[in-house]
2 protein chains.
Amino acid sequence: MNGGWERVIPAFRSVCGEDGVSLGAAVREQHGRDESVHRCRPPDVVVWPRSVEEVSALAKICHHHHLPIIPFGTGTGLEGGVGALKGGVCFSLRNMDRVLDLHQEDFDVSVEPGVTRKGLNSYLRDTGLWFPVDPGADASLCGMAATSASGTNAVRYGTMRENVLNLEVVLADGSIIHTAGRGRRKTSAGYNLTNLFVGSEGTLGVITKTTLRLYGVPEAMVSAVCTFPSVQAAVDSTVQVLQTGVPIARIEFLDDVMIDACNSFNSLSYPVAPTLFLEFHGTEKSLEEQVTVTEEITQANGGSDFSWARDAETRGRLWKARHDAWYAALALRPGCKAYSTDVCVPLSRLPQIIVETKEDLMLNGLTGPIAGHVGDGNFHCIMVMDPNDQDEVIRVHEFTERLARRALALDGTCTGEHGVGLGKRALLREEMGPLAIEVMQGLKATLDPKNLMNPGKVL
Amino acid sequence: MNGGWERVIPAFRSVCGEDGVSLGAAVREQHGRDESVHRCRPPDVVVWPRSVEEVSALAKICHHHHLPIIPFGTGTGLEGGVGALKGGVCFSLRNMDRVLDLHQEDFDVSVEPGVTRKGLNSYLRDTGLWFPVDPGADASLCGMAATSASGTNAVRYGTMRENVLNLEVVLADGSIIHTAGRGRRKTSAGYNLTNLFVGSEGTLGVITKTTLRLYGVPEAMVSAVCTFPSVQAAVDSTVQVLQTGVPIARIEFLDDVMIDACNSFNSLSYPVAPTLFLEFHGTEKSLEEQVTVTEEITQANGGSDFSWARDAETRGRLWKARHDAWYAALALRPGCKAYSTDVCVPLSRLPQIIVETKEDLMLNGLTGPIAGHVGDGNFHCIMVMDPNDQDEVIRVHEFTERLARRALALDGTCTGEHGVGLGKRALLREEMGPLAIEVMQGLKATLDPKNLMNPGKVL
C-alpha cells in the first residue's frame, strides 16, 4: 500500500466524517510527544473515531487494504509504542471520552480511551471512590491497560493487571470482543483474555473500553519523608515494613542525586542522601499504628526523624516534588533530553543492583538520578543526555542494556511498568528465551495474521 | 492410536522406569475421585514422572504418537477436568513434590505439582509466612493454578490469578517454557503468559512448577458468626463492610438450609437463618477497630450479636463447620451424591439472585443448600441428589443451567472458581459469545495444534 491513499481516504471519511481524518502536520504534532529518545515516526493518516462501531468499521477498511493500525491514547508512553514504523493509520481515540456504567455498590466503572486517570478521579470526586493506579503522567486509562502501567500506589493497590476487570477490544479484522463476557467480577470461565490484552501494547487489538476496579477513598492519609545513611538502610527498612504487614500505600526511593535535583528544582532543602517518600492510607486510628511501626523500623535502620505532611496541601507539595522528578532531572542539564529506564528485581536484590548501578553511572560519566517504586523492587534511572553528543547517546544505550541484564541476572525483568515498545525487543528475547518468544509470536500471528496491529512493537 | 500401546509403553518405561507406568485398576481408582457427577473416564495409561525433564520426554513421545495428555494433580476439581474423554495418558504429578526456592525476604516460593496447599503451609510454619488462597480441599497448588482456584480468603488476598508470579510449563510438543522468564515480581515485559496458563485447565500445557506470592502470617486473627433476618440484610452488611474499607479476610454466607445441615452434622446450634461467618486478620489493635466497625454495620442491618472465636482451637472448630458444608449437605440425604454449582455476580446483584435461586429450588423440589464467598459475589448451591433418579438428575441439570443464565443476565459468570472443565462448555459459549470463543480456540490451536492437551475440556 503505497501512494494509494486517494482510494482509501474517502472510505475513512465516510466513517469519521471530514473532520475525523487528517494528513500531514497534525500527525507530526501528535506524535512528537514520544520523541524524547525514540525518533518521531509519524503515520500517514490519523483518524478520530467516536465509537467502537467506528473503530470496528475503520479497522475493517485497514484490514482489507493491509494498512497498519497504531492505537493512540495520550502518547505518554516511554518506549516508542506509538511510532508508526511502517506508516499506516493512527487511531487517535481521544474523542471517545465517556465514563460509562459507574456501579458504586460494586466498586467498578467502565471508561472509553479518551478518559484519563485524573479525569476519572475528578468524575468520581463525590462518590467516595477512586482509582489509585498512578503512573505519574495523566495517561489514558485504556492506554494504561494496554501498557500494563503501574506506578507509586502499586505496592498497596496492584497494577493494571490486578485492576482491569474486563476489556472491549476491536481485533485486527474489525471484530469486537469483550474479554470477560459481560462480567466485571472474579471469574474462572475460560482463558484469561483480559490479561492477554493488558500489556499487549496495541499489538493484538485496539482497547475501546476498560472496566476498572475502584476503591473507597481512605478516611485519612498521611505522608512522610525520611533520610537514610545508605541505600541498604533505605531498602532494609522497606523490606521490614512490608514484612511487618504495614499496608503502606506508597514507598518511593530517591537517591542522593535525585534528591539534590528535586531540591534545586522545587526550592526544597531535603538532606542530600538516600531518601524514602512514604504515604499511609487508612482510618485515623490505623494510621497511628502504621506510622508508629514504620518509624520504629526506619529509626532502627539509622533513618532520620520523619518530616510530615498531613493536610492535603502539604501532601500535594511533597508528592509534587516526587512527580516532578523528571523535570528536576532535566533541569540538571538545560537543553538536554531524558530517557527513563525501568527495571524491576526481587526486593532482596535491590541494594545490590542500585549500588552497582550508581558505580556504573559514575564510571561512565553519566547523569542518571534514581527514583523507584521500591516496595515493588521497581526503579528508574532518569538518563539526562545531550542528543547531539553521539558518544554520550551510545554510552547511555550501553548503560541501559547493562542495567537490564543486571536485573535479569538477579531474577528481575527488563521492564517493570514501561513495557517493551520499540526499545526493549532485544532484551525481551533475552528475558523470555526463544521458546517463550515463539509462543508470544504464535499468539500474535493467531490474533493478527496480517501483522497490522502496531507492527514492529514488542516482538 | 488404538491397540498400539505395546509400541509406546516401552518408551514410557524408558523415561519413568517400570514403576512409573501403569495400566488398568490403578487408573480407575485414581480417576474415580472426580466421579460425583461427571462419569469416570479413565485414561489408557498413567505415568508418574519425577522431574520436568521426564514430563518433557513423555510429552514428546505422546506428541509423536498423537496421544492425549491429561495432567493430574490431586483430582479435587469439580467440573470433570481430569476425565480422559479420548483415552490417552494421564500424567500423575504427585511424585514431583518438592518445595523449591523459598525467598523469605521476597515473599515468594516455588512448588512442584505434588505440593498441596496444606503441605506448603506446613512447610512454611516456622517462617512467619503463609499462602492464603484456600479453596477448601487440600488441592495441589499447581492444580489450583491450572483451574484459577480461589476460595474463602480471596476477598482479602485475591485468587490464584493475583498470586501466581511465574509458571514452568511443558507444552504439547514437550518444550519447556517459563511464563515470566526468571522473574518473580511485577513485570510488563511482553504478553502475560502467566495468566494465560492460569485457568487453562491443562488444555494448553502441563504446569510443572508454580512460583507463588507469600504473605506474612497476621499477628492476630479472630472469627465470628452473625445471624440475619434476611438474605438482603446479610448481603447489605457485606457491601457496607467492604465499602467502609474494612480489610476483612473472610466473609462467608450460609443460607438457612445450609446452617441447618451444619448444625445437624457438627452438633451445633446456630439459629436457622441467613448467616455470615467472618474472619479478621491484622494487628491486635487493628482487629479491635475492624470488629467494632463491622459489628456496628451488622447490627444496623438487624444482625445478631457476634458469636466469637478468638483462640486457634475455637476458630478451627468454627471454620471446620464451614469447610464441612459439603459433607453436611450430603448427610441431609444419606446415600445421595452431590454437585456444587458455582456462579459469581456483582455484589449488588447477590440478594436478587439468591432469593430467586431459593424460590427456584423450592419450586422444583430440589435440595441445594447455599454457601458462598459473598465478598466476591461468588456462591454455590450444593445439589444433593439421587444419582439413580433420572428425573431428579435432569431437574438438577436444568436448575444449574437456569442458575448460570441468571448469573449471566446479571453481568456475572457461569463459574467464579470451579472452572469450565467438561460441565460448563456450553455455558462458556453463551457467556463469551462466538467471537471471543473463536479467539480462545485460536489460542488453543496455536499452542496445541494436534489437540492433545486435555482434549474436550473448556472449549
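Structural data are supplied above this passage.
Calculation rules
Residues numbered from 1 in each chain as written. Chains lettered and ligands numbered in written order. Predicted model: local features only at pLDDT ≥ 70, side-chain atom pairs only at ≥ 80, totals over all residues. Heavy atoms only, no water. Least-squares fit on C-alpha atoms with pLDDT ≥ 70 in both. Pairing = 2+ DSSP bridges. Helix = DSSP H or I, 4+ residues; strand = E, 2+ residues; numbered from the N terminus. Axes fitted to C-alpha atoms, helices over the stretch in contact; angles between N-to-C directions. Buried < 20%, exposed > 50% of the residue type's maximum accessible area, 1.4 Å probe, protein only. Contact = heavy atoms within 4.5 Å. Phe/Tyr/Trp six-rings, centres within 6.5 Å; stacked < 30°, edge-to-face > 60°. Lys NZ or Arg CZ within 6 Å of the ring centre and 35° of its normal.

**Student:** Please explain the relation of the copies chain B and chain A as it appears in this structure.
**Tutor:** Think of it as a corkscrew move, a rotation about one axis and a shift along it, taking one chain copy to the other. Structural alignment of chain B on chain A gives an RMSD of 0.0 Å, achieved by rotating through 180 degrees and translating 0.0 Å along the axis. A rotation of that kind, with that shift, is consistent with a two-fold axis.

**Student:** Can you help me understand the sheet that holds strand β9 (residues 176–182) of chain B in this one?
**Tutor:** Pairing between sheet strands relies on hydrogen bonds along the backbone, with the strands arranged either parallel or antiparallel. Residue and element names in this part refer to chain B. Taken together, the 5 strands give an open sheet; going across it, the order is β5-β6-β10-β8-β9, and neighbouring strands pair in antiparallel fashion. Because the sheet does not close on itself, it has two edges, and the strands there are β5 (99–103) and β9. Mean inter-strand twist for the sheet, computed between neighbouring axes without regard to direction, equals 15 degrees. Examined bridge by bridge, strand β6 (residues 108–111) and strand β10 (residues 206–213) share 4 bridges and lie antiparallel to one another. Bridge pairing links Ser110 to Thr211 in β10.

**Student:** Where do I start with the side chain of Thr238(A) in this structure?
**Tutor:** Residues and elements named next belong to chain A. Checked against the element boundaries, Thr238 lands in helix α9 (residues 231–243). On the basis of relative accessible area, Thr238 is assigned to the buried category, the value being 1%. Sequence-distant contacts of Thr238, that is, excluding residues within four places in its chain, are made with Ile251, Leu276, Val374 and Gly375.

**Student:** Please explain the packing of aromatic side chains as it appears in this structure.
**Tutor:** One pair of aromatic rings is described through two measures. These are the centre distance and the angle between the planes. Residue and element names in this part refer to chain A. Per the stated rule, a full pass over the model turns up 10 aromatic pairs over all chains. Measuring from centroid to centroid gives 5.0 Å for Tyr157 and Tyr215, while their planes differ by 75 degrees, and the two rings are edge-to-face. Taken together, the residues span a long stretch of sequence, with Tyr157 in helix α6 (residues 154–157) and Tyr215 in strand β11 (residues 215–216) at a distance of 58 residues. Here the guanidinium or amino end of Arg250 rests over the ring plane of Trp319, the centre of that ring lying 4.6 Å away. Here the guanidinium or amino end of Arg310 rests over the ring plane of Trp308, the centre of that ring lying 4.8 Å away.

**Student:** Sorry, what's going on with the pairing of β6(B) here?
**Tutor:** Within a regular strand, the side chains alternate between the two sheet faces. Residue and element names in this part refer to chain B. A two-sided burial pattern is seen for β6, the buried positions comprising Asp108 and Ser110 on one face and Val109 and Val111 on the other. Pairing between β5 and β6: 3 bridges, direction antiparallel. In the sheet register, His103 faces β6, and the bridge partner there is Asp108.

**Student:** How should I be thinking about the environment of Pro247(A) in this particular structure?
**Tutor:** Residue and element names in this part refer to chain A. When you line up the elements, Pro247 lands in the loop between α9 and β13 (250–254). What makes Pro247 partly exposed here is its relative accessible area of 36%. Separated by 34 residues in sequence, Pro247 and His281 have C-alpha atoms that sit 7.9 Å apart. Not counting residues up to four positions away in its chain, the partners in contact with Pro247 are Arg156 and Gln290.

**Student:** Explanation requested: unusual backbone geometry in the structure shown.
**Tutor:** In most cases, non-glycine residues show a negative phi, while peptide bonds are predominantly trans. All names here are of chain B. Positive phi, normally seen in glycine, also occurs at His66, with a value near 55 degrees. Within the secondary structure, His66 is located in the loop between α3 (52–65) and β3 (69–72). One non-glycine residue, Asp101, adopts positive backbone phi at about 50 degrees. In this structure, Asp101 sits in strand β5.

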